[in-house]
Amino acid sequence: MSRRVRFFLKKRGSRRTGSQQTGSFGWMLFLASLFVGGWLLLIFMVRTEIVPEWRANRHFRPHTCTVLTTRVGEKTTDEGKLYRPEVKIQYELDGQEHTIWTYNIAQFKGGGYSSGQEDKEAVIARFTAGQEFPCWYDPDRPSVAVVYRSRAWLAWAMLLLPASFITISGSGLGYAWFNWGASAERRASLARQAQRAVQLDRFDPTVMASSEYPFIPTEADLTNSPGVHLAYRLPVSNTVAGAMASLIVGTVLWNLVGLFFLILMVQSFVRYQPEWLLAAIAIPFAVAGGYLIRYTVRRVGGYAGLGPTLLEISGHPLHPGGTYTINLSQSGWLDLRMLEVVLACDERATFQQGTNSRTNTRRVYETTVLRFDKPSIRPETSLEAEVKFTVPAHAMHSFRSGHNEVCWRLIVRGEGPGRPPFERDFLLVVRPSLQPLQQGQAA
Amino acid sequence: MNGCQVQLLIDGDRQSFAPGETLAGECRLDAPRRDDIEAIELSIMWYTEGTGDEDLAVHYFERRGPENGRTDLREPRRFSTELPNSPLSYDGVIVKLHWCVRVRVFLPRGKDMLVEAPFQLGNVPPAKLPEEPSA
């Protein structure tokens, strides 16, 4: 099958993927406009700000002038009045007398204005009429002279703006140009080479593991904590403290706003000038706040009395068909309807929907490896148990790429009378078993 | 179509490989004229399919084109690579992972032609939903 450049490619499920080449062309057009715009802005700024000031500081020749008079120049803009010091001077060059209004080089381009009238009055107060002062004149245009040579640091700093435009768009343009017309496979190959080079350059200790088992997450973070009873203590992967704190803060803020509305509403009724619109907002707001308080209390209550959950494992990473021992220690002060440890495998798929990135999760394997019915946990006697479990012999290994993932985990799950269920997840890494294929095993 | 045809042969006509095994084969191009082919890329790669956006990675990549001088791209070309330990082929519920040998032939006037020879790496059986009753 052969094909030309198309605006749309095949439909994938309910989504239509865009044409790579059309997208690249649009992106390059955008970057090119940024690049050209950056250069135009840079040239404009250099010509109007940098070069005149540089010439005044480096090429203007020193001379002497007589101050005739001074004034503060004014200009009205949308932001209000702006001011600049102006000094009328007289000087003679090659037998020719020049009389001009000046201060610094910016004034010859119509600029030099800024806010603050008092500052400018203080500046011109230094120039007394009738006295001689040093000045600097332009040897190419003797009618241009200044009595103050400034360094416009702000103008130099402003160059960073077009410079960043040029750098970012130029790099992007170069990258897009390099990839123009390149196949997805070629781009992937180049990206892989670049990634390897970066990893090797950093002496990344995970390089060996990741190159031996590509696209399987490394277990380095899961095996750096030795256990008391078994080889490793697994870290909890879903901590609820942050979520709980956010929920409590959100509930308090919502109800403070609701209370403020309610007070205003009651005051209006007390004054016999009822604000009906305010009442229409405040009452539903307060009702929602009440529901939010109830929900927060239930969520937080679910974790009340629940101490740390410690889970240790005899070996890591895991392999399909392998048998491992886990040791569970649940402390706290609570009575539960049940507490169980579940081995689960989830598929996670992330996709773009418009401007949003969405993730779907589907559980494809779940088995209970340990279960307690009606456990009673007390501070002096934490719940402890050790049990063996086996990873299914033909299980898919852990896998992670840009948008797709297969992840294994042990989940400690509890339910209690009068409290919502709670879960604590412990990530696992399952590597493929490297047994040779048996006859007729593979499809 | 410009009459160009691609034949992609995997040695032993195999469709299943174990991690670490060597996959070898030959790519043959049949085109009336030498100039009918501008470049050819051969990749041994995997890509995902399913609910998520497509990910792909190339394990082996070889490109022949104008940068290789005036070689006749129609000449049969052998390829061989040791397959990696992972990721294995997987037919999941919302994540599927396919391995293939892919040949992309670049034709004149910006056209290209794709030929794929799929194969399975490993022997992971298709995933089933836990709730699904066994048949």
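Here goes a summary of the coordinates provided. Nothing here was measured: the structure is a model prediction, and the numbers come from that model. (Residues numbered from 1 in each chain as written. Chains lettered and ligands numbered in written order. Predicted model: local features only at pLDDT ≥ 70, side-chain atom pairs only at ≥ 80, totals over all residues. Heavy atoms only, no water.)

On to the sheet that holds strand 6 (residues 96-102) of chain A, then. Residue and element names in this part refer to chain A. A sheet is described by the order of its strands in space; here five strands give the open sequence 6-5-4-7-8, paired in antiparallel fashion. Sheet topology places strand 6 and strand 8 (145-146) at the edges, where each strand pairs with a single neighbour. Note that strand 4 (residues 61-77) and strand 5 (residues 80-93) share eleven bridges and pair antiparallel. Among the inter-strand pairings, Val72 is bridged to a residue of strand 5, identified as Pro85. (Pairing = 2+ DSSP bridges. Helix = DSSP H or I, 4+ residues; strand = E, 2+ residues; numbered from the N terminus.)

We now examine the nonpolar core. In terms of nonpolar packing, the biggest core is built from 69 residues, with A:Leu410, B:Ile44, B:Val101 and B:Val105 touching the most fellow members. Counting residues per element, this core draws most heavily on strand 8 (residues 95-106) of chain B, which supplies five residues. Once residues lying within four places of it in the same chain are set aside, the contact partners of B:Val101 are B:Leu8, B:Ile10, B:Leu23, B:Leu42, B:Ser43, B:Ile44, B:Phe79, B:Val115, B:Glu116, B:Ala117 and B:Phe119. Membership of the second largest hydrophobic core comes to 15 residues, among which are A:Tyr91, A:Phe127, A:Tyr137 and A:Ala145. (Core = buried A, V, L, I, M, F, W, Y, C linked by side-chain atoms within 4.5 Å. Buried < 20%, exposed > 50% of the residue type's maximum accessible area, 1.4 Å probe, protein only. Contact = heavy atoms within 4.5 Å.)

A few words now on the environment of A:Ile124. Residue and element names in this part refer to chain A. Within the secondary structure layout, Ile124 lies in helix 2 (residues 117-124). For Ile124, a relative accessible area of 11% corresponds to the buried category. Separated by 53 residues in the primary sequence, Ile124 and Arg71 have C-alpha atoms spaced 7.0 Å apart. Among residues more than four places away in sequence, those in contact with Ile124 are Thr70, Arg71, Val72, Pro85 and Glu86.

Residue and element names in this part refer to chain B. Tracing the backbone through its elements, the reader meets Ser89 in the loop between strand 6 (77-82) and strand 7 (90-91). A polar contact of 2.8 Å, which involves the side chain of Ser89, links it to the backbone nitrogen of Leu121. Contacts of Ser89, omitting those with residues within four sequence positions, involve Leu97, Trp99, Phe119, Gln120, Leu121 and Val124. (Polar contact = N/O pair within 3.5 Å; in protein donor to acceptor, adjacent residues only side chain to side chain.)

With that settled, the discussion passes to the environment of B:Pro76. Residue and element names in this part refer to chain B. Residue position: Pro76 is located in the loop between strand 5 (56-64) and strand 6. Judged by relative accessible area, Pro76 falls into the exposed class, the value being 55%. Distance from Pro76 to Leu29, taken between C-alpha atoms, is 6.8 Å for residues 47 residues apart in sequence.

Residue and element names in this part refer to chain B. The sheet built from three strands is open, its strands ordered 1-3-6 with antiparallel pairing. Among the strands making up the open sheet, the edge pair consists of strand 1 (5-10) and strand 6. Across the sheet, the mean angle separating the axes of adjacent strands is 20° when strand polarity is ignored. Pairing of strand 1 with strand 3 (residues 22-30), which is carried by six bridges, proceeds in the antiparallel orientation. Each bridged residue has a counterpart across the sheet, and for Gln5 the counterpart in strand 3 is Asp30. (Axes fitted to C-alpha atoms, helices over the stretch in contact; angles between N-to-C directions.)

Let's shift gears to the interface of chain A and chain B. Of the residues lining the interface, 50 residues belong to chain A; the matching set on chain B comes to 52 residues. Both sides of the chain A and chain B interface together cover about 4,300 Å² of buried area, and 56% of this is carbon and sulfur. The interface formed by chain A and chain B holds two salt bridges in total. A:Glu185 is paired through a salt bridge with B:Arg104; the nearest N and O atoms lie 2.7 Å apart. (Buried area = accessible area lost by both parts, 1.4 Å probe. Salt bridge = Lys/Arg side-chain N within 4 Å of Asp/Glu carboxyl O.)

All right, on to the pattern of salt bridges then. As enumerated under the stated definition, the model contains 31 salt bridges over all chains in all. Across the pair A:Lys81 and A:Glu74 runs a salt bridge whose closest N-O atoms are separated by 3.3 Å. Of the residues examined, A:Lys81 reaches a relative accessible area of 45% and is grouped as partly exposed. On the basis of relative accessibility, which here comes to 44%, the residue A:Glu74 falls in the partly exposed class. Its salt-bridge partner being B:Asp112, residue B:Arg104 comes within 3.0 Å of it at the nearest N-O pair. A single burial state applies to B:Arg104 and to B:Asp112, both of which are buried. Sharing partners across several salt bridges, the network here consists of A:Glu340, A:Asp346, A:Arg363, A:Glu366, A:Arg371, A:Asp373, A:Arg409, A:Arg413, A:Glu423 and A:Asp425.

This is a description of form; function is not addressed.
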